[in-house]
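A closer look at the structure
Single-letter residue listing:
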Amino acid sequence: QMWAHLNKYLEKYFEAKAENLATKQDVAEITRKTEEVQAEFHQMLEEFDTLLKFQYQFYENQYKELYSELYWKICESESLRYILVDLEEKYVPFIDVPIVEYEVKKSDLSKQEQFVSIDEEIISLIQEKHIYASPELVKLVCTLENVKNYDVPMKKSETVQIECILKAEIVETIINDYRWLRQKLHLQGDVRANKYLREGKFISILRK
């Protein structure tokens with residue numbers, strides 16, 4: 001009977017030892033898995049942070065190098081539209097004249113002055129810094145240049161109409177991109193810009 005009690009005791013003893021060993025192995029496995037997950041999470045966090053910094057830097061470059069300049073040109077054009085409407089009482093609809101034409105003096109490398117229209121300046125700027133332009137803006141400018149530079153079986157009036165439509169799309173795309181970039185950079189924006197273009201109220205100085 002004593003041996004029976006001893007065997008029973010040893011059996012319980014070894015069962016407890018086995019359970020403790022299994023528990024330690026489980027804890028070790030859980031710890032290892034947790035460390036792996038933490039390492040993977042930190043790696044993903046670093047990659048996300050790097051991507052976020054790259055995107056923000058690219059948005060900042062887009063804004064500084066291209067879109068702030070393009071928006072300035074549009075404001076120059078629209079200020080002339082404002083002057084024509086409010087001072088000369090001559091309404092020039094945006095849909096008919098997306099970019100009010102005027103010429104500015106510009107010096108080239110040979111120091112000779114030449115006259116460049118505002119739409120030429122806008123197109124030239126986009127072509128020069130196309131790496132910062134949105135894909136939609138690049139497509140529109142390339143299409144406009146093809147229409148202007150290649151012989152197509154269309155009447156002159158049809159070509160002018162197509163150019164006008166493309167210019168209107170370019171102006172509105174610039175404003176949309178500019179507004180979107182300012183949102184991404186947490187800068188103040190004008191959500192009514194395109195509405196103002198269509199209504200001829202983009203420049204609202206002294207307007208009642």
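The residue numbering used here restarts from 1 in each chain and proceeds along that chain's sequence as written. Thresholds applied to this predicted model are a pLDDT of at least 70 for local features of residues and 80 or more for the giving and counting of side-chain atom pairs; totals over whole chains, interfaces and linings are not thresholded and use all residues. Side-chain calculation: all heavy atoms of the structure are included, whereas hydrogens and water are not.

Section: the packing of aromatic side chains
Worth spelling out the cut-off: Pairing of aromatic rings covers Phe, Tyr and Trp, the last through its six-membered ring, and needs centres within 6.5 Å; plane angles under 30 degrees mean stacked, over 60 mean edge-to-face, and all others mean tilted. Strands here mean DSSP runs of E at least two residues long; helices mean DSSP runs of H or I at least four residues long; both are numbered from the N terminus.
The full count for this structure, using the stated rule, is 5 aromatic pairs. Here Phe 58 and Tyr 132 contribute two aromatic rings whose centre-to-centre distance is 6.1 Å and whose plane-to-plane angle is 40°, an arrangement assigned as tilted. You can see Phe 58 sitting in helix α1 (residues 2–86) and its partner Tyr 132 sitting in the loop between α2 (118–128) and α3 (135–149), a full 74 residues away along the chain. With a centroid separation of 3.9 Å and an interplanar angle of 5°, the aromatic rings of Tyr 71 and Tyr 178 are classed as stacked. Of this pair, Tyr 71 sits in helix α1 while Tyr 178 is found in helix α4 (residues 156–184), placing the two residues 107 residues apart along the sequence.

Here we look at the confidence of the model for the chain
To keep things clear, this is the line we draw: Confidence of the prediction at every residue is given by pLDDT, a number between 0 and 100.
Averaged over all residues, the pLDDT of the chain is 78; the fraction at 70 or higher stands at 64%. Within the chain, the element-level pLDDT minimum falls on strand β1 (residues 103–107), averaging 54, and the maximum on α2, averaging 93.

Remarks on the environment of Val 97
Condition: By the convention used here, residues are in contact when the closest approach between their heavy atoms is within 4.5 Å.
Assignment of secondary structure puts Val 97 in the loop between α1 and β1. In the structure, Val 97 is positioned 68 residues away from Ile 165 in sequence and 9.3 Å away in space, judged by C-alpha atoms. Once residues lying within four places of it in the same chain are set aside, the contact partners of Val 97 are Arg 81 and Val 92.

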